[in-house]
Structures are given as structure tokens and as C-alpha cells.
Amino acid sequence: MSMSVFKLDDPNGNTIGTIRAVFPKTIFCENNVLSSDYILSLKTLSEKLVRENSTKDTALNVLSTHKTNNLVNYDEYGVLSDKIISKAKGYAEAIGYCSKTQLQNLKIVNMWVNQSNGGDFVFPHIHTNSDLTGVFYIDAPTNAIITFYDNIYNMSKDVATVNMFSSRYFQHPCTPNSLLLFKSDLLHGNEKQPTGSKLAISFNIVF
């Protein structure tokens, strides 16, 4: 099985061994996913659903239709759903889910809208009862980020210099018209949002 191997040299240039990067965590990213006209229609409908039927609690400190509306049941989100499935099949195959049965059965089981404003946040969490999870950003303020965590229960001492071997978290911009996909057990959350409004569609996928 292939893995990333890095040669380790001493100050004199003599090789003293190797470092192997094992158990990688992956995130699929794509920008400019949908047409501007379609995004505008999604924004109008999504904001309407949030206004009419959303909830907000202490863990999910954003307005959300997660408990009220499954967007899979709305034809208006069909183009987005088809795009998600197409990208998810490619991502799933790349990380090893290559059987025809798995890829043919891949489907979105639930999809919802989250709308957040300055100061809103989402605690770090994983998604249970699903295989892949993702988010599509309709709109977001500059500097809005999503944070992925390696292990928040790591009790080892902090290193002096954080690098690819010691980083405990990774932050990715919430870019409008971008799609992220990752395994559902990858811990993630949103720190306090900067000023502005963010509209995101989250979803879970099973095989």
C-alpha cells in the first residue's frame, strides 16, 4: 500500500531515517460548481425555507432546517443533488470504495440549509449513520472558514513549530459556489463567524 515517505537528514545532509505519513484524512474540494442563475434560485428558495421553518439550539448555533425540511424531497435542489452524487462517486472511488454495488447505491439521505450570521458557530461534531458528508456554499462572507480537527482529545504537549506532521486542525475557506466532501467521521465545526451572512447546504450520503 502506497504512503507518503519523507527523507530525514541531519544538518550535514546525512540521511538519518525516514518519516512515513500514515492514516491520511481527505477532503474533496471543487470551486465554481454551479451556474450563477441556478445559485440565485437556490438562494431565494433556501432563504425562504429558513424564514418559514428553521430551528436554532446551543449546539447548532445557526438557523437550520436540519430538523424540519429534507431538501432531498424538493425538485428545485435536483441539479445540485445530481452534481453532488457525480462528484461523490469520483471521490469515493479515489479513497477505495470501488465496487459497483457501493457506487451504484450511493445516495443522499438528507440535506438541509444552515444560515448563519456574525458571531454564530457550530460546535465540533461528526455525522453518524452516514458514510460521506459534505457542504455546498451558496453565499459566505470573506474570511468565513470551516475547521477540521485531527483529535481534540490529544493530550500531548504542543510543538514549538506546527507543520504537516503535527497540525491538530485544518481550516478551509467557505467559498461561495464551492463543494466540500469528506468522510462522515471527520470531526469538523465552525468557529465564530465574521460579520456577514452565510448560506450553506449540508448533506449526508450512504452507500
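What counts as what
- Residues numbered from 1 in each chain as written.
- Predicted model: local features only at pLDDT ≥ 70, side-chain atom pairs only at ≥ 80, totals over all residues.
- Heavy atoms only, no water.
- Helix = DSSP H or I, 4+ residues; strand = E, 2+ residues; numbered from the N terminus.
- Buried < 20%, exposed > 50% of the residue type's maximum accessible area, 1.4 Å probe, protein only.
- Contact = heavy atoms within 4.5 Å.
- Areas by Shrake-Rupley, 256 points an atom, 1.4 Å probe, with all protein chains shown as cover.
- Lys, Arg positive; Asp, Glu negative; His and termini not counted.
- Charge placed at Lys NZ, Arg CZ, Asp CG, Glu CD.
- Salt bridge = Lys/Arg side-chain N within 4 Å of Asp/Glu carboxyl O.
- Pairing = 2+ DSSP bridges.
- Axes fitted to C-alpha atoms, helices over the stretch in contact; angles between N-to-C directions.
- Core = buried A, V, L, I, M, F, W, Y, C linked by side-chain atoms within 4.5 Å.

Peer 1: Help me out: how do you make sense of the overall build of the protein in this one?
Peer 2: Check the secondary structure of the protein and you find three helices and 13 strands. Along the first, second and third principal axes, the C-alpha atoms of the protein reach 65 × 45 × 30 Å. Put simply, the protein has 207 residues, and 36% of those count as buried. Contacts in the protein between residues at least 24 apart in sequence constitute 80% of all its contacts with a sequence separation of at least 6. Summing over all exposed atoms, the protein offers an accessible surface of approximately 12,200 Å²; the carbon and sulfur share of this is 52%. Each charge class in the protein can be summarised by its mean position, and for the 18 positive and 18 negative side chains these summaries are 3 Å apart.

Peer 1: What exactly am I supposed to notice about the pattern of salt bridges here?
Peer 2: Close approach of charged atoms allows side chains with opposite charge to pair. Throughout the structure, instances matching the rule amount to seven salt bridges. One salt bridge connects Lys 48 with Glu 52, and the closest N-O pair in it is separated by 3.0 Å. Remark: Glu 52 and Lys 48 occur in helix 1 (residues 36-52); sequence separation between them is four residues, near one turn of the helix. On the basis of relative accessible area, Lys 48 is assigned to the partly exposed category, the value being 36%. Close ionic contact of Lys 56 with Asp 120 constitutes a salt bridge, the shortest N to O distance being 3.5 Å. With Lys 56 in the loop between helix 1 and strand 4 (60-61) and Asp 120 in the loop between strand 6 (107-116) and strand 7 (121-125), the pair connects residues that are 64 residues apart, well separated along the chain. For Lys 56, a relative accessible area of 45% corresponds to the partly exposed category. Under the relative-accessibility criterion, Asp 120 is labelled buried at 10%.

Peer 1: Is there a simple way to explain the side chain of Ser 81 in this structure?
Peer 2: Within the fold, Ser 81 resides in helix 2 (residues 78-94). Given a relative accessible area of 14%, Ser 81 falls into the buried group. Other than its neighbours up to four places away in sequence, Ser 81 contacts Ile 108 and Met 111.

Peer 1: How do you make sense of the sheet that holds strand 8 (residues 132-139) when you look at a structure like this?
Peer 2: Paired through their backbone hydrogen bonds, the strands of a sheet run either parallel or antiparallel. In spatial order, the strands read 3-11-8-13-6-5; together these six strands make up an open sheet with antiparallel pairing. Edge strands, defined here as strands with exactly one partner in the open sheet, are strand 3 (27-31) and strand 5 (63-64). In the sheet, strand 6 pairs with strand 13 (residues 198-206) via nine bridges, with the strands oriented antiparallel. Looking at strand 13, one finds that Lys 107 is bridged to Val 206. Here helix 1 sits on the sheet in contact with strand 5, strand 6, strand 8 and strand 13, set at roughly 100° to strand 8. Across the face of the sheet, helix 2 comes into contact with strand 3, strand 6, strand 8, strand 11 (178-183) and strand 13 while running at roughly 45° to strand 11.

Peer 1: Looking at this structure, I do not really get the nonpolar core. What am I missing?
Peer 2: Nonpolar side chains tend to gather and get buried jointly when the protein is soluble and globular. Residues Tyr 77, Leu 80 and Ile 205 are the most contacted members of the largest nonpolar core, which totals 30 residues. Of all the secondary structure elements, the ones that give two or more residues to this core are helix 1, helix 2, strand 6, strand 8, strand 11 and strand 13. Core analysis: the second largest hydrophobic core is formed by 11 residues, Val 135, Tyr 137, Ala 140 and Leu 180 among them.

Peer 1: Please clarify how unusual backbone geometry should be interpreted in this entry.
Peer 2: Note: most residues except glycine have negative phi, and most peptide bonds are trans. You will see that Asn 32, though not glycine, has its phi angle at about 55°, which is positive. Note on placement: Asn 32 falls in the loop between strand 3 and helix 1. Despite not being glycine, Asn 143 has its phi angle at roughly 80°, a positive value. Note on placement: Asn 143 falls in the loop between strand 8 and strand 9 (145-149).

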